[in-house]
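If you want the building blocks of each chain, they are given just below.
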Amino acid sequence: MLRQKILVIGGAGYIGSHVVKALLENNFAVTVYDNLSTGQEQNLFKDAEFIKGDILDVPALQKVMSKDFDAVVHLAAKKAVGESMENPQLYALNNLNGAVNICNAMVDNGVKNLVFSSTAAVFGTPKYVPVDENHPLEPMSFYGFTKLKMEELMHWYSQLKDFHYIALRYFNAVGYAADGSITGREKNPQNLLPIIMEVATGKRDKLLVFGNDYDTPDGTCVRDYVHVEDLASAHVAAICKLMTGTPSQAINLGTNKGTSVLEMIAAAERVSGRKINYEFAPRRAGDPAVIVATNAKAKQVLEWQPQYTDIDKIIQTTWNLEAK
């Protein structure tokens, strides 16, 4: 039986490399398409073909898409919320134009299935928690806006063409491959855990905790942290479901469990055995107090269940890398 061929756009990045690993472990033939602007060569697997290319390069994208893929995974978007508010032109160009180029290249070359990396940022400030897929879509950042528009683009293409998609709305991605096979750290991390790790390893003097007066048990923001290997397994499940006729739709990926900033710091201190220096700073505009997902739909549609639910074990997979 021929191995099914998957194109992973952005497959040298943090989440992308874990998706490639999971696909290879499930016997897919994988091609990575990445411009290496944030992805790293050390995150490439020798068993996957690599093509250096950009999603804004239409001829290159059309050429790679002509290789008769069974499905595409699109992870090549700009993702820093703050940067998106300061430089919307960059996010419009990369996220919106890039998505149009990918979808057009797929339709032009008869590639029918797309798994898309979306985000909880499409919801904006939660009106209720846990957040389900029926929650209003009111993004508070330009980044979230671009992801929502990409979802809407795919929805229209699915109505008009032989085009099928699953948009996976990640909550807070954390952790690294437990077997240590992925070692490329994110460049200029914006997220909480990588910054905590930089404090633990002495690369940073202290962590700024933005706000300690939220309506939460300890006053700090609460988020749903989902391990990157669990995200990767959901992509494999989504590809398999699309190929067996599952309808196009958006699905939340989270753990149903919230962890506060101070709880994350305490867990990192337990795991690393090191003191994490931090100080409180004013709230950041647009930071909701609590964002937690319900993953009931993911369990039902994808038959997906997160394997990492203990925050100490999640942090351990990151500390194993940092402590080397």
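In what follows, the structure referred to is the one given above.
Procedures and definitions
Residues numbered from 1 in each chain as written. Predicted model: local features only at pLDDT ≥ 70, side-chain atom pairs only at ≥ 80, totals over all residues. Heavy atoms only, no water. Core = buried A, V, L, I, M, F, W, Y, C linked by side-chain atoms within 4.5 Å. Buried < 20%, exposed > 50% of the residue type's maximum accessible area, 1.4 Å probe, protein only. Helix = DSSP H or I, 4+ residues; strand = E, 2+ residues; numbered from the N terminus. Contact = heavy atoms within 4.5 Å. Pairing = 2+ DSSP bridges. Axes fitted to C-alpha atoms, helices over the stretch in contact; angles between N-to-C directions.

Trainee: Describe the nonpolar core, listing the residues and the values that go with them.
Mentor: Ranked by internal contacts, the top residues of the largest apolar core, which has 42 residues, are I15, L23, V30, L168, L253 and L302. The set of elements that each furnish at least two residues to this core consists of β1 (5-9), α1 (14-25), β2 (29-34), β4 (71-74), β6 (164-170), α7 (228-243), β11 (249-253) and α9 (296-302). The contact partners of L168, leaving out residues within four places of it in the chain, are V115, F116, S117, S118, T119, A234, H235, A238, I251, L253 and L302. Core analysis: the second largest hydrophobic core is formed by 26 residues, I55, I102, M150 and Y157 among them.

Trainee: Before we move on, can you summarise the side chain of E322 with the specific residues and values?
Mentor: Take E322: it is sitting in helix α10 (residues 311-322). According to the relative accessible area criterion, E322 is buried, its value standing at 14%. Leaving out residues up to four positions away in the same chain, E322 has contacts with R185, M197, T201 and K203.

Trainee: Go over the sheet that holds β1 with me, naming the residues and quoting the values.
Mentor: Spatially, β3-β2-β1-β4-β5-β6-β11 is the arrangement adopted by the seven strands of the open sheet, whose pairing is parallel. Of all strands in the sheet, those with a lone pairing partner are β3 (49-52) and β11, marking the two edges. Mean inter-strand twist for the sheet, computed between neighbouring axes without regard to direction, equals 20°. Where β2 meets β3, four bridges bridge the pair, whose relative direction is parallel. Paired with D34 across the strands is K52, a residue of β3.

Trainee: Quick one: what's the story with the environment of T259, residue by residue and with numbers?
Mentor: If you trace the backbone, T259 turns up in strand β12 (residues 259-260). Here the alpha-carbon distance between T259 and I291, two residues 32 residues apart in the chain, equals 9.7 Å. Excluding its chain neighbours within four sequence positions, the residues that come into contact with T259 are C221, V222, R223, Y225, M264 and I311.

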